[in-house]
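# Examining the three-dimensional arrangement
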Amino acid sequence: MNKPAFFDVYRAEIDTALSRFLDQTSTSDARLTNAMRYSLLLGGKRIRPMLCLATAKALGTDSNKALHAACSLEFIHAYSLVHDDLPAMDDDALRRGQATCHIAFDEATAILTGDALQTSAFHLLTLDDFQQSDSVKLALVAELAQASGGRGMVLGQAIDLSAVGNLLSLEDLEHMHQHKTGKLIESAVVMGALCGSANTTSVDALKKYAKALGLAFQVQDDILDVTGDTQTIGKSAGADKALNKPTYVSLLGLGGAQDKLASLYETCLSCLEDLTDSDTSELKAIAQYVIEREH
Ligand code: GRG
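Starting afresh in each chain, residues are numbered from 1 along the sequence in its written order. Since the coordinates come from a predicted model, pLDDT governs what is reported: local features require at least 70, and pairs of side-chain atoms require 80 or more to be given and counted, while whole-chain, interface and lining totals use all residues. The side-chain numbers reported here are obtained from all heavy atoms of the structure, hydrogens and water having been left aside.

## With respect to the overall build of the protein
Each helix and strand in the protein was counted, giving 14 helices and two strands. To get the radius of gyration, use the C-alpha atoms; to get the globule rule, take the number of residues to the power 0.38 and multiply by 2.2 Å. Over its C-alpha trace the protein gives a radius of gyration of 18 Å, about what one expects of a compact globule, namely 19 Å for 295 residues. Seen through its principal axes, the protein has C-alpha atoms that stretch 50 × 45 × 35 Å. Type-normalised accessible area, obtained with a 1.4 Å probe on protein chains alone, sets the label of each residue: buried when under 20%, exposed when over 50%, and partly exposed for intermediate values. Expressed as a percentage of its 295 residues, the buried residues of the protein come to 53%. Residues are treated as being in contact if the distance between any of their heavy atoms lies within 4.5 Å. Sequence separation of at least 24 residues holds for 75% of the intrachain contacts in the protein that already meet a minimum separation of 6. The accessible surface values rely on the Shrake-Rupley method and a 1.4 Å probe; as for residues, cover is taken only from the protein chains in view. Element-wise, carbon and sulfur atoms account for 51% of the exposed surface of the protein, whose accessible area totals about 12600 Å². Secondary structure elements follow DSSP: runs of H or I of four or more residues count as helices, runs of E of two or more count as strands, with numbering from the N terminus.

## Regarding helix 7 (residues 134-148)
Spanning 15 residues, helix 7 covers 21 Å between terminal C-alpha atoms, matching the ideal 21 Å at 1.5 Å per step. Every buried residue belonging to helix 7 is among Val 136, Lys 137, Leu 140, Leu 144, Ala 147 and Ser 148, and all of these are buried. Looking straight down helix 7, one finds its buried side chains confined to an arc of 100 degrees; they lie on one side. Residues of helix 7 that are exposed and angled more than 90 degrees away from the buried face: Asp 134, Ser 135 and Leu 138. In this structure, the buried residues of helix 7 make contact with helix 4 (67-84), helix 6 (107-125), helix 8 (153-163) and helix 9 (170-195). Given the number of residues in a helix, its expected span is that number minus one, multiplied by 1.5 Å. Along the arc lie the directions from the helix axis toward the C-beta atoms.

## Considerations on the site of the ligand
A molecule or strand has a residue near it when one of that residue's heavy atoms lies within 4 Å. Neighbouring the ligand are 20 residues; Lys 45, Arg 48, His 77, Asp 84 and Arg 96 lie closest to it. We call two N or O atoms a polar contact when they sit within 3.5 Å, provided that within protein one can donate a hydrogen and the other can accept it, with sequence-adjacent residues counted only if both atoms are side-chain atoms. One nitrogen or oxygen atom from the side chain of Lys 45 is found 2.5 Å from an oxygen atom belonging to the ligand. Between the ligand and the protein, one listed contact pairs an oxygen atom with a side-chain N or O atom of Arg 96 at 2.8 Å. Listed by contribution, the elements that provide at least two residues to the shell around the ligand are helix 4, helix 8, helix 9 and helix 10 (200-227).

## Looking at the packing of aromatic side chains
Between 30 and 60 degrees the pair is tilted, below 30 it is stacked and above 60 it is edge-to-face, where a pair is any two Phe, Tyr or Trp rings, Trp via its six-membered ring, whose centres lie within 6.5 Å. Applying the stated criterion across every chain, the model contains four aromatic pairs. Here Phe 6 and Phe 7 contribute two aromatic rings whose centre-to-centre distance is 5.0 Å and whose plane-to-plane angle is 65 degrees, an arrangement assigned as edge-to-face. With respect to burial, Phe 6 and Phe 7 carry one shared label: buried. An aromatic cluster is built from Phe 6, Phe 7, Tyr 10 and Tyr 289, whose rings are joined through pairwise contacts.

## Digging into the packing of helix 6 against helix 7
Following both chains from N to C, one finds helix 6 and helix 7 inclined at 160 degrees, their axes separated by 9 Å at the closest point. Accordingly, the angle class assigned to the pair helix 6 and helix 7 is roughly antiparallel. Of the two possible hands of crossing, helix 6 and helix 7 adopt the one that is right-handed. Mapping the contact onto sequence places Ala 121, Phe 122 and Leu 125 in helix 6 and Lys 137, Leu 140, Val 141, Leu 144, Ala 145 and Ser 148 in helix 7. For every element, the axis is a line fit to its C-alpha atoms; helices are fit only across the contacting stretch, and the angle between N-to-C directions ranges from 0 to 180 degrees. Working definition: roughly parallel below 35 degrees, roughly antiparallel above 145 degrees, roughly perpendicular at 65 to 115 degrees, and oblique for all remaining angles. Crossings are assigned a handedness: left-handed for a near helix turned anticlockwise from the far helix by less than a right angle, right-handed for a clockwise turn.

## Here's the deal with the pattern of salt bridges
Salt-bridge detection follows one rule: a side-chain nitrogen of Lys or Arg within 4 Å of a carboxyl oxygen of Asp or Glu. Tallying each qualifying case throughout the model produces 14 salt bridges. Note that Arg 95 and Asp 85 form a salt bridge whose closest N and O atoms lie 2.9 Å from each other. Within this pair, whereas Arg 95 is found in strand 1 (residues 94-95), its partner Asp 85 is found in the loop between helix 4 and strand 1, the two being separated by ten residues in sequence. In this structure, Arg 95 and Asp 85 share a single accessibility class: buried.

Structure below.
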């Protein structure tokens, strides 16, 4: 699909801020700094920070007031990818079209890179140049911790690791993805709403949108593992199959997974209809991009 023009505008804003936040929160160790920069800045679609900025904007807030929150999500995401690729986890050599962190550097540096990116995510939410009240900053830290830790993404990863080689029901697969991928995507919207002071009705509709979007993101990821080629998707195609991982395609077949994707997209759009006072055009475009993306 053609990327909407606002993607490039957000991307430039996000990349400049990521680089600045890296400088403001990182280390005096040159090798670690290089590995953090490599893992955070080279490649990636920036879906989570874009969602955060687009949510804040839909609620009438200038994107500058949500940039720290948006970037904290990308720091967490980058850490999760570095650790996910390690030999003890998925043992992948290719990420975002380039060597994974432990291949480009070494395993110990990759572990430390993930650790440092994770703590920097929380550090940057506390910076003085983040123009939000202390209570909003605290709420953002709590939201990010719950979404990324042992009740969120890390729990999803633990369920995923224990599921390899086992038969999972569709319900169990969904539960795993809602945590592993879904929680951070939901958080992107919740954190954007926190920066934009949304009312409870809007937050509920946005959360439902994000929940469907998070699953749609994963369904498309599973489809791409089967239909994509390694060069286009930027990681090893067929990796899920090779690891005998349960996926939407293995459970529903390719056609069934594509139907599921279409239905989740419809759910995203219908949730946004409840936000009658907001311009949700960017959130709609992001949902369309997620289901049509080729990498
Ligand atoms: C190691 C604690 C820990 C967690 C890892 C998110 C995750 C949990 C692992 C990533 C493995 C994976 C490929 C999951 C499928 C969905 C997903 C998160 C894909 C990568 O996200 P994109 O497509 O990546 O947004 P880019 O490179 O565009 O940023």
